[in-house]
Amino acid sequence: TSIDSDAVLDEAHRAMADFYNASSPDEIIFGANMTTLTLHISRSLSRMWNPGDEIVLTRLDHDANVSPWLLAAADRGCNISWVDFDMEDGTLVLADLQKALERKPRLVAVGYASNALGTINPVEKITRMAHEAGALVYIDAVQYAAHGAIDVQALDCDFLVSSAYKYFGPHAGILYGKRALLDELFAYKVRPCSNTLPSKFET
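Residues numbered from 1 in each chain as written. Predicted model: local features only at pLDDT ≥ 70, side-chain atom pairs only at ≥ 80, totals over all residues. Heavy atoms only, no water.

### Thoughts on the packing of helix 4 (residues 94-101) against helix 5 (residues 123-132)
Stated formally: Throughout, an axis means a line fitted to C-alpha atoms (over the contacting stretch in the case of helices), and angles, computed between N-to-C directions, take values from 0 to 180 degrees. Helix and strand assignments come from DSSP, with helices taken as H or I runs of at least 4 residues and strands as E runs of at least 2, each series counted from the N terminus. In what follows, roughly perpendicular refers to angles from 65 to 115 degrees, roughly parallel to angles under 35, roughly antiparallel to angles over 145, and oblique to any angle outside these ranges. For any pair of crossing helices, the crossing counts as left-handed if the nearer helix is rotated counterclockwise from the farther one by less than a right angle, and right-handed if it is rotated clockwise. Whether two residues are in contact is decided by their heavy atoms, any of which lying within 4.5 Å being enough. Three classes are used, and their members are as follows: Ala, Val, Leu, Ile, Met, Phe, Trp, Tyr, Cys and Pro are nonpolar, Asp, Glu, Lys and Arg are charged, and the others, Gly among them, are polar.
Where helix 4 contacts helix 5, the axes come no closer than 10 Å and their chain directions differ by 20°. With respect to their mutual orientation, helix 4 and helix 5 come out roughly parallel. At the point where helix 4 passes helix 5, the crossing takes the right-handed sense. Contacts between helix 4 and helix 5 involve Leu-94, Leu-97, Gln-98 and Leu-101 from the former and Lys-125, Ile-126, Met-129 and Ala-130 from the latter. Among the residues forming the contact of helix 4 with helix 5, the class breakdown is six nonpolar, one polar and one charged.

### Quick look at the sheet that holds strand 2 (residues 54-58)
Using the following cut-off: At least two bridges found by DSSP between two strands is the condition for calling them paired.
Reading across from one edge, 1-7-6-5-4-2-3 is the order of the seven strands in this open sheet, with mixed pairing throughout. Only two strands of the sheet have a single neighbouring strand rather than two, namely strand 1 (28-31) and strand 3 (79-83). Taken pair by pair, the neighbouring strands of this sheet meet at an average axis angle of 20°, ignoring direction. For strand 5 (residues 136-140) and strand 6 (residues 159-163), the ladder comprises three bridges, and the chain directions are parallel. Counterpart to Ile-139 in the pairing with strand 6 is Leu-160. This element, helix 1 (residues 2-20), spans strand 1, strand 6 and strand 7 (173-177) of the sheet and lies at about 115° to strand 1. This element, helix 4, spans strand 2, strand 3 and strand 4 (107-111) of the sheet and lies at about 155° to strand 3.

### Observations concerning the packing of helix 2 (residues 34-46) against helix 3 (residues 67-76)
Closest axis-to-axis distance for the helix 2/helix 3 pair is 9 Å, and the angle between their directions is 30°. Considering the angle they form, helix 2 stands roughly parallel to helix 3. As helix 2 packs across helix 3, the resulting crossing turns out to be right-handed. Taking contact as the criterion, the partners of Thr-38, Leu-39, Ser-42, Leu-45 and Ser-46 in helix 2 are, on helix 3, Pro-68, Trp-69, Leu-71, Ala-72 and Arg-76.

### A word on the nonpolar core
Heads up, the rule is: Side-chain atoms within 4.5 Å link the members of a nonpolar core, which is a set of buried Ala, Val, Leu, Ile, Met, Phe, Trp, Tyr and Cys residues. Any residue under 20% of the maximum accessible area for its type is buried, any over 50% is exposed, and the rest in between are partly exposed; the area is computed with a 1.4 Å probe on protein chains only.
Of all hydrophobic cores here, the largest spans 37 residues; its most connected members are Tyr-20, Ile-28, Tyr-112, Ile-139, Ile-150 and Leu-160. Every element with two or more residues in this core is listed here: helix 1, strand 1, helix 4, strand 4, helix 5, strand 5, helix 6 (152-155) and strand 7. Dropping the residues within four chain positions of it, Leu-160 is found in contact with Tyr-20, Tyr-112, Ile-139, Ala-141, Ile-150, Val-152, Leu-155, Ile-174, Leu-175 and Tyr-176.

What follows is the structure, given as structure tokens:
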């Protein structure tokens, strides 16, 4: 039974690597849900932040991609820059993002699509802008994953997360992270038995 359950889990990692077009199943992390995964990763990432560092969030995001970063920033003494959205058409004000990026933030957290308005954000362009400023990019794809193809390699995002129950799967969150970053991050886990991915982060 143990061997069989491991095989099911291995296949699930391969399936989600295919779903996201990740380069390896080792870049796929399962968790209780998107919110909990984001909270865990925010703790791991924020260990590398310093007081006064900048974090960029948007007014168009679900709270699951806002509150974890607010908590982490408060713990580390970091500042928050907000990207607003146009009240007429529901799109992000990229001029706000460009202004925030001038402060060389550590992270940009953005939704692929808005849960409230349905706006599909230009995440490939946002990722490119953020990387040019030296920031990591964390994409909440919960509202997008059921409706459009995702290609994390083409996007070049650092992290992307969705919830399987949005596309007829179990109530679980699935995180993609670039291998080099996942290897580098400290994992908040009870009795970590291995630094091997993906078990390093999974319960």
